[in-house]
Amino acid sequence: MLAVVICAIALSLAYPVREFMAQRQQIDQLVAQRQTMLMQVKNLQAQQARLADRSYIEQLARQELDMCFPGTRCYVIEGSQPLINGTRPQPSGPEPWYAKLWQSVRQADASPAK
């Protein structure tokens, strides 16, 4: 009789204990999600503060949109690579096919005609 009572108590406690553990796991996930959201909010607030600064907006406009103030000359150099210690880095790997083709056209044009 005692074994039946113990089994009944164990079975009646199994479901609530399992639900308690599942809820604790869900709470831990929500706390981690809250921490992530708080970090995102802080980052967005910092970005908002930066975007409120006029000089930062002007810097972004010059860098990202290639804009300049009226009356100033702006130059855009296409296809350039940044200088490292005053020298241009050499491209790695073989030349592309069109570079070889253009070089052969230049050589053919430079050779004297007979």
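Small disclaimer: the values here were computed from a predicted structure and weren't measured.

Draft legend 1. The arrangement of the pattern of salt bridges in detail. For the coordinates displayed, the defined rule picks out 1 salt bridge. Two residues, Arg 54 and Glu 58, come together in a salt bridge whose shortest N-O distance is 3.2 Å. One end of the pair, Arg 54, and the other, Glu 58, are both in helix α2 (residues 54-65), 4 residues apart, so they sit about a helical turn from each other.

Draft legend 2. Representation of a nonpolar patch on the surface within the structure. Taken together, the side chains of Met 1, Val 5, Ile 9, Leu 13, Val 17, Phe 20 and Met 21 present a nonpolar region at the surface, about 750 Å² in accessible area. Checked against the element boundaries, Val 17 lands in helix α1 (residues 2-51). Exposure remark for Val 17: the relative accessible area of 47% places this residue in the partly exposed category.

Draft legend 3. Broad picture of the packing of aromatic side chains. One pass over the full model with this rule turns up 1 aromatic pair. Each ring, one from Trp 97 and one from Tyr 98, has its centre 5.8 Å from the other, and the planes form 85 degrees; the classification is edge-to-face. With a relative accessible area of 64%, Trp 97 lands in the exposed category. By relative accessible area, which is 51% here, Tyr 98 ends up exposed.

Definitions and limits used
Each chain has its residues counted from 1, following the order in which its sequence is written. It should be noted that, the model being predicted, local features are given only for residues of pLDDT at least 70 and side-chain atom pairs only at 80 or more, the latter also being counted only at that level, while totals for whole chains, interfaces and linings use all residues. The side-chain values count all of the structure's non-hydrogen atoms but skip hydrogen atoms and water molecules. Counted as salt bridges are all cases of a side-chain nitrogen of Lys or Arg within 4 Å of a carboxyl oxygen of Asp or Glu. Segments assigned H or I by DSSP are reported as helices when at least four residues long, segments assigned E as strands when at least two residues long, and all are numbered from the N terminus. Each patch is built from residues lacking any salt bridge and having more than 30% relative accessible area; the joining distance is 9 Å for like charges and 5 Å for nonpolar side chains (Val, Leu, Ile, Met, Phe, Trp, Tyr). A 1.4 Å probe and the Shrake-Rupley method give the accessible areas. Residues count as covered only by the protein chains that appear here. For every residue, the accessible area (1.4 Å probe, protein chains only) is compared with the maximum for its type, and the residue is labelled buried under 20%, exposed over 50%, or partly exposed between those bounds. The pairing test for Phe, Tyr and Trp rings, Trp by its six-membered ring, is centres within 6.5 Å, and the orientation test on the planes gives stacked under 30 degrees, edge-to-face over 60, and tilted for anything in between.

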